[in-house]
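Letter by letter, the chains look like this.
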Amino acid sequence: MGALTDSRKRVSADHRLLPSFPSSAPSPSKKPKLAPLLPTAPPPPLPSSSHIPSSTSSAAPGPNSSTAFASTTSSSSFSSLPHSRHRRLPPPPPVQRSIHAPLRRIRAFRLGNTHSNSDPSSYSPSPPPQPLGLDQYVDLVNSVTHPPPLTPPAYVPRGAKATVEVVAVDDLGDIKQDEEERDEEDEVKGEVVVRKVPLYKDLYEASSRQRDHRLRILEFEVRLAEKGRLGLEGLKEARPQITPNKKVVPEPFVPLTDKDEDSVRRALGGKNRREILSEHKASNIVITREILQCLNDKHWLNDEVINLYLELLKERELREPSKFIKCHFFNTFFYKKLINGGYDYKAVRRWTMKRKLGYNLIDCDKIFVPIHKEVHWCLAIINIRDKKFQYLDSLGSMDMKALKIIARYLVDEVKDKNGKQIDVLSWKHEGVQNLPLQENGWDCGMFMLKYIDFHSRDMGLTFGQKHMPYFRQRTAKEILNLRAG
């Protein structure tokens, strides 16, 4: 019984390995569940017995003899067995195609066919797309990035840049005028205007010119130079007409810096009156705070401040001879010494030795003689260049006696130092016209110093009473620095 059971299990296992075909005589132990169906197609023929190995036919009987018998029986009767109902149909044969590849529509760069080939037999592969030229590629990119206009865009040749015409409004009058001037540089080809300058540069330059006047000036100069209307000399003459007039401060009126103002304030407002603030070794003049404080407002100037300032003016002339005329500056004691006892030339004869000065007075353009009248300062000028004797008084008065004494001194000086006789009778004795006058009782000394300063510059007397506070501070600064400006 056990052997039979094993044989049945093995037979059922072999049936699962082999294709199951219903037999003509069903097994007595099992009944077919479904009625057999007639085969729709003849099964393929089985190999003949000659192809079966001999070992199978000559197998000795044993425990597995029933399995071998069942296999032989099923193989011999395969052709006469009908198909079972639950067997799957074989797959249909594949469709015969001439080319085993998917059919696609070639639309690269709009060069392929827009219809597909429905007939496989008439299909032929399309040639590869031709490479685009630079102009065609630019047109393609423009058509993708920018929507096409209503009218077909005109062709722009290679190397040129097309610009969009901008309509000028009333607020952009300058831009419209500039673009009208550039029309001469435009090249017209057909209906397209090709500009040599890109549009963004035009807009940037136009907006910059509206905000910066220097760019407008530069553009004006460049246009004049390009058109050849003006040369270098003409451009120099035309530039002041378009350049904003900058107020040039004359040198005698240059304002003091904050540092200079602080130093002057400390020097004039300190408490130690005996402190030495400045010392001029060439003239042996020492300036203390007490002496310098005469430059405060509503104070009369003293001899030390006046004489030191005159020494600084002489050093300034020697330092810059091309900027100032040749002058000689007598100190405040000269005129007193000269008129001592009426007139005494011998008292001042040695004051003008050539080995001491380095020049003769007759070689100078102007000679300045300060005159002190007890409580008032005046000035006499020997103008050798113009052959004049001039008298300057900030109160507007005239002293002919002082001019005659100065004329007599000049004759004696030239005769003593040069051995010449000079005729001064033809020289004019005059007061200066349009002379700035003082309007208070303490600025006469400062007016006299500014008379000397402006005449040594060969400038007109363009100052007045309103400048006296500034001149007092400036004089204090120059004395503290021992340098006249």
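Whatever comes next refers back to the structure up there.
Residues numbered from 1 in each chain as written. Predicted model: local features only at pLDDT ≥ 70, side-chain atom pairs only at ≥ 80, totals over all residues. Heavy atoms only, no water.

Visitor: Which residues make up the nonpolar core, and what values do they have?
Guide: Grouped together as the largest cluster of nonpolar side chains are 45 residues, with contacts concentrated most on Leu 292, Leu 295, Leu 379, Tyr 451, Phe 463, Phe 471 and Ile 479. For this core, the element with the most residues is helix H15 (residues 444-456), which contributes eight residues. Ignoring anything within four residues of it in the chain, the contact list for Phe 463 reads Phe 253, Pro 436, Phe 447, Lys 450, Tyr 451, Phe 454, Met 468 and Phe 471. Listed in part, the 31 residues of the second largest apolar core include Phe 334, Tyr 343, Tyr 409 and Val 424. (Core = buried A, V, L, I, M, F, W, Y, C linked by side-chain atoms within 4.5 Å. Buried < 20%, exposed > 50% of the residue type's maximum accessible area, 1.4 Å probe, protein only. Helix = DSSP H or I, 4+ residues; strand = E, 2+ residues; numbered from the N terminus. Contact = heavy atoms within 4.5 Å.)

Visitor: So, the environment of Pro 436: which residues are in play, and what are the values?
Guide: Mapped onto the fold, Pro 436 is located in the loop between strand S10 (428-431) and H15. Residue classification places Pro 436 among the buried residues on the basis of a relative accessible area of 9%. For the pair Pro 436 and Phe 447, spaced 11 residues apart in sequence, the C-alpha separation works out to 8.1 Å. If we skip the residues at most four places from it in the chain, Pro 436 touches Ser 394, Phe 447, Tyr 451, Leu 461 and Phe 463.

Visitor: Talk me through unusual backbone geometry; I want residue IDs and the actual numbers.
Guide: Note: most peptide bonds trans; most residues except glycine with negative phi. Positive phi, close to 65°, is recorded for Lys 298, a residue that is not glycine. Looking at where Lys 298 falls in the secondary structure, it is placed in the loop between helix H10 (289-292) and helix H11 (303-319). Overall, Lys 298 belongs to the exposed group, its relative accessible area being 58%.

Visitor: With reference to specific residues and values, describe the packing of H11 against helix H16 (residues 468-481).
Guide: Across the interface, H11 lies against H16 with an axial gap of 10 Å and an inter-helix angle of 70°. In terms of axis orientation, H11 runs roughly perpendicular to H16. When H11 is examined against H16, the residues Val 305, Leu 308, Tyr 309 and Leu 312 are found in contact with a partner set consisting of Thr 475, Glu 478 and Ile 479. When the residues that make up the contact of H11 with H16 are grouped by side-chain class, the tally is five nonpolar, one polar and one charged. (Axes fitted to C-alpha atoms, helices over the stretch in contact; angles between N-to-C directions. Parallel < 35°, antiparallel > 145°, perpendicular 65-115°, else oblique. Nonpolar A, V, L, I, M, F, W, Y, C, P; charged D, E, K, R; others polar.)

Visitor: Hey, could you go over the side chain of Ser 456 for me, with residue numbers and the actual values?
Guide: Tracing the sequence through the fold places Ser 456 in helix H15. On the basis of relative accessibility, which here comes to 3%, the residue Ser 456 falls in the buried class. If we skip the residues at most four places from it in the chain, Ser 456 touches Arg 316, Phe 324, Ile 325, Cys 327, Phe 329 and Phe 368.

Visitor: Quick rundown of the pattern of salt bridges? Include the residues and the values.
Guide: Enumeration over the complete set of coordinates arrives at 18 salt bridges. The partner of Asp 262 in a salt bridge is Arg 265, and the shortest N-O contact between them spans 2.8 Å. Within this pair, Asp 262 and its partner Arg 265 are both found in helix H9 (residues 258-269), separated by three residues, close to a single helical turn. Residue Asp 453 is joined to Arg 316 by a salt bridge in which the shortest nitrogen-to-oxygen separation is 3.1 Å. You can see Asp 453 sitting in helix H15 and its partner Arg 316 sitting in helix H11, a full 137 residues away along the chain. Several salt bridges share partner residues, and in doing so they unite Glu 251, Arg 316, Lys 323, Lys 450, Asp 453 and Arg 457 into one network. (Salt bridge = Lys/Arg side-chain N within 4 Å of Asp/Glu carboxyl O.)

Visitor: Would you mind going over the sheet that holds strand S7 (residues 366-372) in detail, with residue names and values included?
Guide: Sheets are built from strands paired through backbone hydrogen bonds, the pairs being either parallel or antiparallel. Strand order in the open sheet formed by five strands is S6-S7-S8-S9-S10, and the pairing between neighbours is mixed. A strand with exactly one partner marks an edge of an open sheet, and here the two such strands are strand S6 (327-329) and S10. Here the strands of the sheet are splayed against their neighbours by 20° on average, with no regard to which way each runs. In terms of strand pairing, S7 meets strand S8 (residues 377-383) through seven bridges, oriented antiparallel. By the bridge assignment for S8, Pro 370 is matched with Leu 379. Strand contacts of helix H14 (residues 400-418): S7, S8, strand S9 (388-392) and S10, with the helix running at about 140° to S9, the strand carrying the most contacts. On top of the sheet, H15 reaches S6, S7, S8 and S9; it is set at about 20° to S8, its chief contact. (Pairing = 2+ DSSP bridges.)

Visitor: Outline H16, supporting the account with residue identities and numerical values.
Guide: Quick reminder: α-helices carry 3.6 residues per turn. Residues three or four places apart thus point the same way. Taking 1.5 Å per residue as the helical rise, H16 with its 14 residues ought to reach 20 Å, and the 20 Å between its terminal C-alpha atoms agrees with that figure. Most of H16 is tucked away, with 10 of its 14 residues classed as buried. Within H16 the residues assigned to the buried category are Met 468, Tyr 470, Phe 471, Arg 472, Arg 474, Thr 475, Ala 476, Lys 477, Glu 478 and Ile 479. Where the residues of H16 are buried, they touch H9, strand S4 (276-280), strand S5 (285-288), H10, H11 and H15. Just downstream of H16, Leu 482 is the residue with a positive phi angle, here 55°. (Expected span 1.5 Å × (residues − 1).)

Visitor: Let's hear about the packing of aromatic side chains: which residues, and what values?
Guide: Here the structure, examined in full by the defined rule, presents 15 aromatic pairs. Geometrically, the ring pair formed by Phe 330 and Tyr 409 is edge-to-face, given 6.0 Å between the ring centres and 80° between the ring planes. Here Phe 330 is found in the loop between S6 and helix H12 (334-338), whereas its partner Tyr 409 is found in helix H14, with 79 residues between them in sequence. Both residues of the pair, Phe 330 and Tyr 409, belong to the buried class. Ring geometry for Tyr 470 and Phe 471: centres 5.5 Å apart, planes at 50°, overall tilted. The structure contains a cluster of three or more aromatic residues connected by ring pairs, namely Phe 253, Phe 447, Tyr 451, Phe 454, Phe 463, Tyr 470 and Phe 471. Cation over ring: Lys 450 sits above Phe 471, and NZ or CZ is 4.6 Å from the ring centre. (Phe/Tyr/Trp six-rings, centres within 6.5 Å; stacked < 30°, edge-to-face > 60°. Lys NZ or Arg CZ within 6 Å of the ring centre and 35° of its normal.)

The quantities given are spatial measurements derived from coordinates; they are silent on function.
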